[in-house]
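Report on the structure
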Amino acid sequence: EAQVTQNPRYLITVTGKKLTVTCSQNMNHEYMSWYRQDPGLGLRQIYYSMNVEVTDKGDVPEGYKVSRKEKRNFPLILESPSPNQTSLYFCASSTRLGGTDTQYFGPGTRLTVL
Amino acid sequence: SQQGEEDPQALSIQEGENATMNCSYKTSINNLQWYRQNSGRGLVHLILIRSNEREKHSGRLRVTLDTSKKSSSLLITASRAADTASYFCATAPQAGTALIFGKGTTLSVSS
């Protein structure tokens, strides 16, 4: 089944404790991205990747890191999480046509930073 | 870099009625897409309409695009309780590399 998976689905952590949210897709998509969703603000892009070893900042990259060592995986790293990073996070992927094509979303990761 | 704005923000209707949501945007686009999100879940792609298309259908969904007015509408006909969700428009700017999402319309369909 074609899908985007994220882990963990729910995470409660404390300020400053490094964490990684994994994202994997099985559709051989070249483009992958991370979004955060906050009430009243909609979805905002954090980082995106056009291909392996090619990443770039989205609208709200501060406090986040990403890597793309393999085509299928695109982890999101919070080196020192803060309470303002409490949010619902989504990973998405799309074809080689780029981020302007249909996006396939993961189920989301609800992160709470205390 | 908010581009799409949905209207209304919230809509409540009865089963069997039609639901219409609108999206306005600011810059020239390659395509415009509509997504659905059930509460707390991932977004699901509904339909993509390209800038050279004016109308597109998919089942009970009808999407129109007016590039001169920089607006689009999503019509859901004969709505069902299962259509209760948030609906987002997303625009693909001509000069951009990423979709830009609006804040969404929350649709509630009661039986």
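In case you missed it, the structure is sitting above this.
The text that follows walks through the structure, step by step, so that each part is easy to find. Quantities reported herein were computed from a predicted structural model and do not represent experimental measurements.

As a measure of interface size, the accessible area lost when the parts come together is often cited. Contacts between the two partners involve 21 residues from chain B, matched on the other side by 21 residues from chain A. Here chain B meets chain A over a buried area of about 1600 Å², counting both sides, of which 52% is carbon and sulfur. Our count for the contact surface shared by chain B and chain A stands at zero salt bridges. Where chain B touches chain A, the interface holds four residue pairs in polar contact (both at pLDDT 80 or more). For the side of chain B that touches chain A, the secondary-structure elements that each account for two or more residues are strand 4 (29–37), strand 5 (43–50) and strand 9 (85–93) of chain B.

With that settled, the discussion passes to the sheet that holds strand 3 (residues 19–24) of chain B. All names here are of chain B. Pairing within the open sheet is antiparallel, and its five strands lie in the order 1-3-8-7-6. The open sheet has two edge strands with one neighbour each: strand 1 (5–7) and strand 6 (55–58). Across the sheet, the axes of successive neighbouring strands diverge by a mean angle of 20°, strand direction being ignored.

The next subject is the layout of surface pockets. Picture a little ball the size of a water molecule; that probe, rolled over the atoms, points out where space is still empty. Empty space within the largest pocket amounts to approximately 520 Å³. The wall of the largest pocket is formed by 25 residues, among which Gln37 of chain A together with Gln37, Ser86, Phe88 and Lys103 of chain B lie closest to the centre. When residues of the lining of the largest pocket are traced back to their parent elements, those giving at least two are strand 4 (31–38) and strand 9 (87–94) of chain A together with strand 1, strand 9 and strand 11 (105–110) of chain B. Among the residues making up the lining of the largest pocket, the classes are represented as six nonpolar, 14 polar and five charged.

Let us look at the packing of aromatic side chains. Summed over the entire model, instances satisfying the criterion amount to eight aromatic pairs over all chains. Ring geometry for tyrosine 64 of chain A and tyrosine 89 of chain A: centres 5.9 Å apart, planes at 65°, overall edge-to-face. On the criterion of sequence distance, the pair formed by tyrosine 64 of chain A in the loop between strand 6 (54–57) and strand 7 (65–66) and tyrosine 89 of chain A in strand 9 is long-range, its members being 25 residues apart. Considered together, tyrosine 64 of chain A and tyrosine 89 of chain A belong to a single accessibility category, that of buried residues. Between the aromatic rings of phenylalanine 90 of chain A and phenylalanine 105 of chain A, the centroid separation amounts to 6.3 Å while the plane-to-plane angle is 80°, which identifies the pairing as edge-to-face. Pair noted here: phenylalanine 90 of chain A is in strand 9 and phenylalanine 105 of chain A is in strand 10 (residues 104–105), with a separation of 15 residues, a long-range link. Phenylalanine 105 of chain A sits in the buried class, given a relative accessible area of 11%. Three or more aromatic residues joined by ring pairs form one cluster here, namely Tyr35, Phe90 and Phe105 of chain A together with Tyr35 and Phe101 of chain B.

Analysis parameters
Residues numbered from 1 in each chain as written. Chains lettered and ligands numbered in written order. Predicted model: local features only at pLDDT ≥ 70, side-chain atom pairs only at ≥ 80, totals over all residues. Heavy atoms only, no water. Contact = heavy atoms within 4.5 Å. Buried area = accessible area lost by both parts, 1.4 Å probe. Salt bridge = Lys/Arg side-chain N within 4 Å of Asp/Glu carboxyl O. Polar contact = N/O pair within 3.5 Å; in protein donor to acceptor, adjacent residues only side chain to side chain. Helix = DSSP H or I, 4+ residues; strand = E, 2+ residues; numbered from the N terminus. Pairing = 2+ DSSP bridges. Axes fitted to C-alpha atoms, helices over the stretch in contact; angles between N-to-C directions. 1 Å grid on protein atoms, 1.4 Å probe; cavity = no way out; pocket = protein on both sides within 12 Å on 5 of 7 lines; lining within 4 Å. Points joined across faces, edges and corners; volume = space filled by probe spheres on them. Nonpolar A, V, L, I, M, F, W, Y, C, P; charged D, E, K, R; others polar. Phe/Tyr/Trp six-rings, centres within 6.5 Å; stacked < 30°, edge-to-face > 60°. Buried < 20%, exposed > 50% of the residue type's maximum accessible area, 1.4 Å probe, protein only.

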